[in-house]
Amino acid sequence: IINIAQIATTTISSSTINAFSFSKSTSSIPLLSFDTLNSRIGMGTATPGSLLSIQAGDAQVTGTSTTHALIATSTLFVGAQGQLFNVSQNGRVGVATTSPGSLLSIQANSQVTGTSTTHALVATSSLLIGANVTNNNEFLFFGQNGFLSIGTSSPGSKLSVQAGNAQVTGTTTTHALIATSTLLV
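Residues numbered from 1 in each chain as written. Predicted model: local features only at pLDDT ≥ 70, side-chain atom pairs only at ≥ 80, totals over all residues. Heavy atoms only, no water.

## Overview of the overall build of the chain
Looking only at helices and strands, one finds zero helices and 12 strands in the chain. Secondary structure elements in the chain, listed N-terminal to C-terminal, are β-β-β-β-β-β-β-β-β-β-β-β. Burial statistics for the chain: of 185 residues in total, 12% are counted as buried. Sequence separation of at least 24 residues holds for 2% of the intrachain contacts in the chain that already meet a minimum separation of 6. Accessible area of the chain: about 15,300 Å², with a carbon and sulfur share of 54%. (Helix = DSSP H or I, 4+ residues; strand = E, 2+ residues; numbered from the N terminus. Buried < 20%, exposed > 50% of the residue type's maximum accessible area, 1.4 Å probe, protein only. Contact = heavy atoms within 4.5 Å. Areas by Shrake-Rupley, 256 points an atom, 1.4 Å probe, with all protein chains shown as cover.)

Take a look at the structure:
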């Protein structure tokens, strides 16, 4: 037990990894370690890898924080058990999910607002927009070939509407109109 009754300054030996530490025993991993060789502090490690290294447990940062970099050697979770935001070891980012299935996974309703000079959502592959894209029940599909479809992920022409009716109002100029069923004019 350490009892310090007055304000005191203690000098720790310089240029030493694990120069001073707090531990449960001489053989256990330090709870707190001072690396004076590299000017680092470690929690749960005797060899901190950065200015502040926390290993073998979770860390909580509260309040407002501005940082140059936040490095996680495993998965980085923000929020209760990663429910708000997480970055996994494979580089995938999840919002409202702890297991992102693609580079960016959002498991909730999302909204894009603000001003954009490009007014574009760019996908380097196909883009699916809908409620149930895994069971071929897409609402809207943009293919790499520039084709657009509703109700299918295999558009046969520039615009394909399947599994439902389509309505076109106003003046329409077209080169050709092909009906595979009844065409009402």
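## Here we look at the sheet that holds strand 8 (residues 104–106)
Strand order in this open sheet of four strands is 5-6-7-8, and the pairing throughout is mixed. Edge strands, defined here as strands with exactly one partner in the open sheet, are strand 5 (76–78) and strand 8. Shown here is a sheet whose adjacent strand axes are inclined to one another by a mean of 10°, direction ignored. Bridging between strand 5 and strand 6 (residues 85–87) involves three bridges; their strand directions are antiparallel. Paired with Leu76 across the strands is Val87, a residue of strand 6. (Pairing = 2+ DSSP bridges. Axes fitted to C-alpha atoms, helices over the stretch in contact; angles between N-to-C directions.)

## Considerations on the pairing of strand 2 (residues 32–35)
With burial as the criterion, only one face of strand 2 is covered, namely that bearing Ser33 and Asp35; the residues Leu32 and Phe34 on the opposite face remain uncovered. Note: strand 1 (residues 20–22) against strand 2, three bridges, orientation antiparallel. Within strand 2, the position partnered with Phe20 by the bridge is Phe34.

## What about a nonpolar patch on the surface?
A cluster of nonpolar side chains, contributed by Ile41, Met43, Leu51, Leu52 and Ile54, occupies part of the molecular surface with about 450 Å² of accessible area. Of all the elements in the fold, those that place two or more residues in the nonpolar patch are strand 3 (40–43) and strand 4 (52–54). Looking at Leu51, the relative accessible area reads 66%, which means it is exposed. (Patch = residues over 30% accessible without salt bridge, like charges linked within 9 Å, V, L, I, M, F, W, Y side chains within 5 Å. Salt bridge = Lys/Arg side-chain N within 4 Å of Asp/Glu carboxyl O.)

## Quick notes on the side chain of Thr45
On the secondary structure map, Thr45 appears in the loop between strand 3 and strand 4. Residue classification places Thr45 among the buried positions, given a relative accessible area of 6%. From its side chain, Thr45 meets the backbone nitrogen of Thr47 in a polar contact 3.1 Å long. (Polar contact = N/O pair within 3.5 Å; in protein donor to acceptor, adjacent residues only side chain to side chain.)

## A word on the sheet that holds strand 4
Spatially, the four strands line up as an open sheet ordered 1-2-3-4, and their pairing is mixed. Edge positions in the sheet fall to strand 1 and strand 4, since each of these pairs with one other strand and no more. Geometrically, the sheet is characterised by an average inter-axis angle of 15° between neighbouring strands, direction not taken into account. In terms of strand pairing, strand 2 meets strand 3 through three bridges, oriented antiparallel. Residue pairing in the sheet places Phe34 in a bridge with Ile41 of strand 3.

## Here's the deal with the environment of Ser154
Examined against the element boundaries, Ser154 turns out to sit in the loop between strand 11 (148–150) and strand 12 (159–161). Between the C-alpha atom of Ser154 and that of Phe141, which follows or precedes it by 13 residues, the distance is 8.5 Å.

## Here's the deal with the packing of aromatic side chains
Enumeration over the complete set of coordinates arrives at two aromatic pairs. Look at Phe20 and Phe22: their rings are 5.2 Å apart centre to centre, the planes differ by 85°, and that puts the pair in the edge-to-face class. Here Phe20 falls in the partly exposed class, since its relative accessible area comes to 38%. Ring geometry for Phe20 versus Phe34: centroids 6.0 Å apart, planes at 45°, classification tilted. Residue Phe20 is found in strand 1, and its partner Phe34 is found in strand 2; the two are separated by 14 residues along the sequence. (Phe/Tyr/Trp six-rings, centres within 6.5 Å; stacked < 30°, edge-to-face > 60°.)

## Considering unusual backbone geometry
The phi dihedral of Asn18 is positive, around 55°, even though this residue is not glycine. Its place among the elements puts Asn18 in the segment before strand 1. Relative accessible area serves as the criterion here: at 27%, Asn18 is assigned to the partly exposed category. Positive phi is not limited to glycine here, since Ser39 has a value of about 55°. Looking at the secondary structure, you find Ser39 in the loop between strand 2 and strand 3.

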